[in-house]
Each structure stands twice: as C-alpha cells, then as structure tokens.
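# Close look at the chain arrangement
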Amino acid sequence: MSYVKEELRRLRHPLEIGVFIQVPAIFCLWLAWYMYGHGGGVDFAFFRVAGWAVLHGHSPYVRPTHALLAANDRFVYPTPFALPFVPFAVIPEHIGAVVFLILSVAAVLASIWLLGVRDWRCYGASLLLAPVFGAFGVLSIGPFLLLLCALGWRFRNRTVAGVPLAIAAAAKLFLWPLLVWLLITRRFRAFAASVATIAATLALWAVIDPGGMRRYPETVRVLNEVQRWKSYSVQSLLISLHASALTSEFVAGAVVLAAVVAFVLLRRRRDEVTFGVAVIAALVATPILWNHYLVLLIAPIALARPRLAPLWAVPAVLWATPPPESVGIVWRIVLVLAVLGLVAIQSVRRRPSLTKLPAIAPRAVRDEPGRSSVEIAATD
C-alpha cells in the first residue's frame, strides 16, 4: 500500500501539469486557430459592426422589431460600449478575433488573481469550465465583466471600487445587485462613485447617439419578448412549463425581492459571502440568462474556495448543455439553475481555513538514555 501511495505522489505533479496547463493551453490554441481561419464569434461580430457604425457617426442599433432581434446577433448594449470596438473595426476580422480571444483569456486569469487566488491549478481549472469556453467561443464580453467585478472586489475599501462595478452594471443591467452590495455594506463613497460613473455614461450616450438612447427602452422590451423563452433563466423555465405571463412576472418580482432580502439577512457576514451572493443573485434575477453569462460564477467560487476544491468542478457539469441557448428544453434550464443554487449554498458556508493546521496527537516514542519521551517528541 505504501508503494502505491508513493507512486501516486510521483504521478501527481505531472498529472496536474497535464490537466491544468497543457489541456487548457490546447483548448485556447485550438480556438485561436479556428478563429483565425473562420473569423470571430457571434458577439464579436456584432460588436465590431457597432464599432464601425459609431466610427462613422451612425447609431449601432437596428429598428426594435421582433424579426431583427430574434436571431440574437444584433448590438443591444448602451452605445458607449461600442467605442472599445472601434479599433477592431479597422483591422481584419480574423486578426481582431484572435487578439480579442487573447485579451479574454488574460481577463479571466487576471480576475482570478485579483480575487485573491494563488493556487495555480485554479487558473487552469477555470479555463476548462463550459461557461468560460462558451464565452471564448462566441467572444462575448463576459470575461471583461468578470474582470470589472474582480477590480471592484480588489479595491472594495476604496472609493474607486464603484467605478468598475458601475461600468459592469451599465453594460449589463442585471448586475445591479453589485451596486446594492455597495449600499448594504455601507460603502457610501464607492456607491456615490458608481452613481457618478453611470451619469457620465448616460451623458456620453446622449452626446454620441441621442436617437438610439431614446429607442433603447423599446429595444430592451422587444428583446425580452423574443429572447426570454430560450435562455436559462427562471422566467425561461416558467415559460417552458407553460406558466401564464402573469405568473412569470410575479415569480420574477419574487426573485428580485428574495435577492434584496438575502442581502439584508447576510449583510453582517464576511464580504466574501455578500459579494458572492450579489453576483449569484444577479444571475438568478435576470430575465435573460445565456450559458456564457455563468463565467461570472468564477467570482463567488474563487472567494469561497481560494484553493482548488470540488466547488471549482461544479460548473464543469454544464458541459452537458454547452449551447448558449436552452431553446426551451426544461432539463437544461433546471441543470443551470441547480448549479447556481449549489454554488450559492457553498458560497454562504464558511470557507476552509488555509492557515490553521489540525492538532497533531503526540506519538509514542521509545525512551533513549538521558532524554525523556517529551524531549524526544519535541525535537522530532
């Protein structure tokens, strides 16, 4: 038995290198090769078109009709978020896609570091998760939203923390619980900075695209009507179960209320708990939830388990339903919501101590001439 244990110890390090370095590297290199030959993902394509429109003084939005928004391939973000894609609009698409992929991978790895994780295996494990690979596949801005959340966490005790969290919430409205988190944890200066950041974003929007800004509420309304049924959200589940529109709206309101109540009840817990709950509450409360949005789960997982633990493998279950859309299949939606629930439960639990060592029972030793058993045990 001891020989087997020794052999397993020898194999552990090479096995870890293979699983957490070589396999993720192969995945990322394959994606880069594919995108160089076939162009960027769906999200990158419409962001690039939006950047081109803004560069030439046009609105990046299409008319808010069901026909134009049904395919989920149109720009539906506030216009200021098209500006970072202006450089990608003036370079070849395949080169831009590879550059954006490299930046996305760097954003995920930097986020994990900012969240306080120093176990190198967790970095490789994150790249093997289905939501992360999905975000890379469509080249969504999810990795950069995660980076903004991680920056908000890293500088949580400074006023500047409100800036990245506000940018994330402005890009994706469902991240509003992060701003509530600033209030619940009494970070009033950071909250004021977040309000100022959102005001500046709206002012910039009004300057560069006033017409699009006026039409945006209608765009969001139509988008919810045509996309909600095929996502992974709670409302999508109710629609798939043929619940009435009134029931869906009631449950949606109840979910939002439950998120606020959870904040209030957990406000005295550690910041790691409340911040992780804020991220999970945002994912649960959103009416439209795509699979690659779950790249944000890295935040609560990293805060709850800063060293490699079984919790890091939970989102890997979503390889059973890798497509961005659920297309109304109930078991897919239930699986995603179950993963969210499990991560939430583990995030609230006390995380294992990394410094406190278990007590070691004194071992029996054989007396030696001139030395007591206590002395021998102490020196050993």
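Residues numbered from 1 in each chain as written. Predicted model: local features only at pLDDT ≥ 70, side-chain atom pairs only at ≥ 80, totals over all residues. Heavy atoms only, no water.

### Points about the overall build of the chain
Across its full length, the chain carries 18 helices and zero strands. Taken across its 380 residues, the chain has 47% of its residues classed as buried. Expressed as a percentage of contacts within the chain between residues at least 6 apart in sequence, the contacts between residues at least 24 apart total 75%. A total of about 19,000 Å² of accessible surface is found on the chain, and carbon and sulfur atoms cover 68% of it. (Helix = DSSP H or I, 4+ residues; strand = E, 2+ residues; numbered from the N terminus. Buried < 20%, exposed > 50% of the residue type's maximum accessible area, 1.4 Å probe, protein only. Contact = heavy atoms within 4.5 Å. Areas by Shrake-Rupley, 256 points an atom, 1.4 Å probe, with all protein chains shown as cover.)

### Thoughts on a nonpolar patch on the surface
Taken together, the side chains of Y36, I95, V99 and L103 present a nonpolar region at the surface, about 350 Å² in accessible area. Of all the elements, helix α5 (residues 93-114) adds the most residues to the nonpolar patch, at three residues. Within the secondary structure, L103 sits in helix α5. Judged by relative accessible area, which is 41%, L103 ranks as partly exposed. (Patch = residues over 30% accessible without salt bridge, like charges linked within 9 Å, V, L, I, M, F, W, Y side chains within 5 Å. Salt bridge = Lys/Arg side-chain N within 4 Å of Asp/Glu carboxyl O.)

### Quick word on helix α12 (residues 210-227)
Residues spaced three or four apart along an α-helix point in a common direction, a consequence of the helix completing one turn every 3.6 residues. With 18 residues, α12 should reach 26 Å at 1.5 Å per residue; the first-to-last C-alpha distance of 25 Å fits that figure. Remark: the principal bend of α12, roughly 45°, maps to Y216, with a proline, P217, within the next four residues. Those residues of α12 that fall on the buried side of the exposure criterion are G211, G212, Y216, T219, V222, L223, V226 and Q227. On its buried face, α12 sits against α3 (66-69) and α11 (188-208). (Expected span 1.5 Å × (residues − 1). Bend = angle between axes of the 7 residues up to and from the residue.)

### Remarks on the packing of aromatic side chains
Inspection of every chain in the model, using the stated rule, returns 22 aromatic pairs. When the ring of W153 is compared with that of F275, the centres are 5.5 Å apart and the planes differ by 50°; the resulting orientation is tilted. Of this pair, W153 sits in helix α8 (residues 142-154) while F275 sits in helix α15 (residues 271-285), placing them 122 residues apart in sequence. The same class applies to W153 and to F275, which are both buried. Taking 4.9 Å as the distance between ring centres and 80° as the angle between the ring planes, the aromatic pair formed by W181 and F275 counts as edge-to-face. A residue pair is termed long-range when its members are at least 10 positions apart, and W181 in helix α10 (residues 177-184) and F275 in helix α15 qualify at 94 residues. Across the pair, exposure class does not vary: W181 and F275 are buried alike. Cluster of aromatic residues (ring-pair linked, three or more members): F44, F46, F47, Y61, F75, Y77, F85, F88, F100, F144, W205 and Y216. In this structure, R154 packs its charged tip against the face of F155, placed 5.4 Å from the ring centre. Here the basic side chain of R156 rests over the ring of W153, its NZ or CZ set 3.8 Å away from the ring centre. (Phe/Tyr/Trp six-rings, centres within 6.5 Å; stacked < 30°, edge-to-face > 60°. Lys NZ or Arg CZ within 6 Å of the ring centre and 35° of its normal.)

### Here we look at the nonpolar core
Core analysis: the largest hydrophobic core is formed by 98 residues, its most contacted members being L175, F275, L283, L296 and L297. Among the elements that make up this core, the one with the highest residue count is α5 (eight residues). (Core = buried A, V, L, I, M, F, W, Y, C linked by side-chain atoms within 4.5 Å.)

### Details of the packing of α15 against helix α17 (residues 330-348)
It is at 9 Å that the axes of α15 and α17 come closest, and there the two elements cross at 165°. Put simply, α15 runs roughly antiparallel to α17. Viewed along their axes, α15 and α17 form a crossing whose handedness is left-handed. The residues of α17 that touch α15, namely those facing V273, V277, I280, L283 and V284, are L340, V343, A344, S347 and V348. Among the residues making up the contact of α15 with α17, the classes are represented as nine nonpolar, one polar and no charged. (Axes fitted to C-alpha atoms, helices over the stretch in contact; angles between N-to-C directions. Parallel < 35°, antiparallel > 145°, perpendicular 65-115°, else oblique. Left-handed = near helix turned anticlockwise from the far one by under 90°. Nonpolar A, V, L, I, M, F, W, Y, C, P; charged D, E, K, R; others polar.)

### Some words on helix α9 (residues 162-171)
α9 sits mainly inside the fold: eight of its 10 residues count as buried. All of the buried residues in α9 are G162, P164, L165, A166, A168, A169, A170 and A171. Its buried side turned inward, α9 meets α8, α10, α11 and α15.

### Things to note about the side chain of Q227
Relative to the assigned elements, Q227 resides in helix α12. A polar side-chain atom of Q227 sits 3.0 Å from the main-chain carbonyl oxygen of A70. Here Q227 is in contact with L69, A70, A71, N72, I288, W290 and E325, once residues within four sequence places are set aside. (Polar contact = N/O pair within 3.5 Å; in protein donor to acceptor, adjacent residues only side chain to side chain.)

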